[in-house]
Amino acid sequence: MKALVIAERADAARELCAGARTMADEVVLVSFGEVAEGLADKVAHISVPEGAVLDDAADTVIALFDAEAPEVVLVEPTRHMKSIAGKLAAHAGTSAITDVMSFEDAGAKSLYFGGVAERVQKAKGVGIYTVSAGTFEGAEPSGANATEEVAWVAPANPVKLISSKPIEKSGVDLFKADAVVAAGRGFAEESELDLARALADKLGGGLACSRPLTEGVNWLPTELYVGVSGLMLSPKVYVACGISGQMQHMVGCNRSQTMFAINKDKNAPIFKQCDYGLVGDVKDVLPALTAAL
Ligand SMILES: Cc1cc2nc3c(=O)[nH]c(=O)nc-3n(C[C@H](O)[C@H](O)[C@H](O)COP(=O)(O)OP(=O)(O)OC[C@H]3O[C@@H](n4cnc5c(N)ncnc54)[C@H](O)[C@@H]3O)c2cc1C
């Protein structure tokens with residue numbers, strides 16, 4: 001079997017190539033930048049022309065797909081790559097199955113209805129899957145990385161880029177952090193977030209939050225909220241502070257290796273989902289915990 005991996009970030013390329021290796025005996029990686037050693041049998045490199053957006057690589061990927069004829073395609077779930085996956089699926093006359101969390105004998109498991117239900121789907125024809133981070137944890141990639149440059153196929157209706165500027169990111173890269181301290185609605189005032197920041201600093205980690213802290217009160221940028229519609233993280237340690245444990249939040253952190261929860265309500269649902277629970281007020285527990293570490 002042949003697998004095609006389409007990824008934009010190095011970490012995702014590594015994980016998806018490792019996963020593809022568990023499914024197929026030939027792995028071809030479509031890459032848009034530098035590639036680490038030993039990921040795939042073949043690396044098909046696409047140089048995006050100056051002024052073009054990554055989504056416009058869809059026609060080039062489709063040409064490559066036709067040439068390689070893979071039976072399975074694993075795609076990193078970024079916005080650009082999802083756009084390419086959709087166009088590729090339309091071309092191949094199949095469906096893109098999105099946000100897959102695991103592959104089982106019966107098919108690919110993913111969440112839907114905003115994360116309150118899960119389903120298992122099997123692709124008809126070629127399987128094109130966007131795959132969540134952590135799905136292939138533990139698998140190792142391999143291959144000689146024979147590299148070839150793929151000729152750019154200009155799209156008939158390209159996206160016109162009007163302007164772009166980087167958004168200033170605050171704090172550490174949460175995808176790479178070993179420890180994540182997440183704040184929820186249990187924080188009554190914005191200034192109390194410093195208690196969570198202090199613990200995150202002490203652990204050498206980063207600060208994240210539940211969605212209401214970004215879209216409700218706007219205390220933190222949207223790039224920091226965890227959950228089905230936000231970040232899907234799997235750090236070594238996750239400390240949920242003043243977070244009730246709603247499914248929509250938990251699917252973004254329940255792959256953490258060890259989860260701690262601090263909540264003043266002993267019946268909060270998060271206590272059924274964490275490894276260690278502390279019943280108490282974040283204003284008392286956080287300073288004590290930070291001082292004790
Ligand atoms: C389609 C859809 C998508 C969504 N996507 C996401 C998502 O991606 N991420 C996300 O986070 N949410 C998401 N939500 C919202 C989600 O359903 C919850 O509303 C949200 O996660 C709740 O955030 P919370 O736990 O911080 O707040 P709450 O549920 O209000 O919980 C606050 C908790 O803090 C505790 N508390 C209060 N005061 C203190 C104190 N002083 N000390 C200690 N504990 C205290 C309370 O006991 C309570 O358990 C989504 C909702 C929908 C409908």
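Residues numbered from 1 in each chain as written. Predicted model: local features only at pLDDT ≥ 70, side-chain atom pairs only at ≥ 80, totals over all residues. Heavy atoms only, no water.

A. Up close: the sheet that holds strand S13 (residues 258–263). If you trace the 5 strands from one edge of the open sheet to the other, you get S11-S10-S12-S13-S14, paired in parallel fashion. Either end of the sheet is taken by a strand with one partner, and the two such strands are strand S11 (206–209) and strand S14 (276–279). The mean inter-strand angle of the sheet, taken between neighbouring strand axes irrespective of direction, is 20°. Here helix H4 (residues 193–202) sits on the sheet in contact with strand S10 (179–183), S11 and strand S12 (237–241), set at roughly 175° to S10. Packed onto the sheet, helix H7 (residues 282–292) meets S12, S13 and S14 and runs at close to 135° relative to S13. (Pairing = 2+ DSSP bridges. Helix = DSSP H or I, 4+ residues; strand = E, 2+ residues; numbered from the N terminus. Axes fitted to C-alpha atoms, helices over the stretch in contact; angles between N-to-C directions. Contact = heavy atoms within 4.5 Å.)

B. Looking closely at the pattern of salt bridges. Enumeration over the complete set of coordinates arrives at 14 salt bridges. Notably, a salt bridge pairs Arg211 with Glu215, separated by 3.1 Å at the nearest N-O pair. Linked through salt bridges whose partners overlap, the residues forming this network are Lys2, Lys42, Glu68 and Glu148. (Salt bridge = Lys/Arg side-chain N within 4 Å of Asp/Glu carboxyl O.)

C. Up close: the nonpolar core. One finds Phe187, Tyr238, Cys241, Ile270 and Leu286 to be the most contacted residues of the largest nonpolar core, which totals 39 residues. Once residues lying within four places of it in the same chain are set aside, the contact partners of Tyr238 are Val180, Ala182, Val226, His249, Cys253, Ser256, Thr258, Met259 and Phe260. Leu29, Val72, Tyr129 and Phe136 belong to the second largest nonpolar core, which has 25 residues in total. (Core = buried A, V, L, I, M, F, W, Y, C linked by side-chain atoms within 4.5 Å. Buried < 20%, exposed > 50% of the residue type's maximum accessible area, 1.4 Å probe, protein only.)

D. Highlighting the pairing of strand S1 (residues 2–6). Counting buried positions along S1 gives 5 out of 5 residues, so the element sits mostly inside the fold. The alternating pattern of S1 places Lys2, Leu4 and Ile6 on one face and Ala3 and Val5 on the opposite face, and all of these are buried. Across 5 bridges, S1 lies against strand S2 (residues 26–31) in parallel orientation. Its bridge partner lying in S2, Leu4 is registered against Val28. With helix H1 (residues 10–23) bridging S1 and its parallel neighbour S2, the resulting β-α-β unit is right-handed. (Right-handed = clockwise from strand over helix to strand, strands pointing away.)

E. Spatial organisation of helix H2 (residues 58–68). Ala58, Thr60, Val61, Ile62, Leu64, Phe65 and Glu68 are the residues of H2 that are buried. Its buried side turned inward, H2 meets S1, S2, strand S3 (42–45), strand S4 (72–75), helix H3 (79–92) and strand S9 (146–149). The positive-phi residue at the C-terminal boundary of H2 is Ala69, with phi of around 50°.

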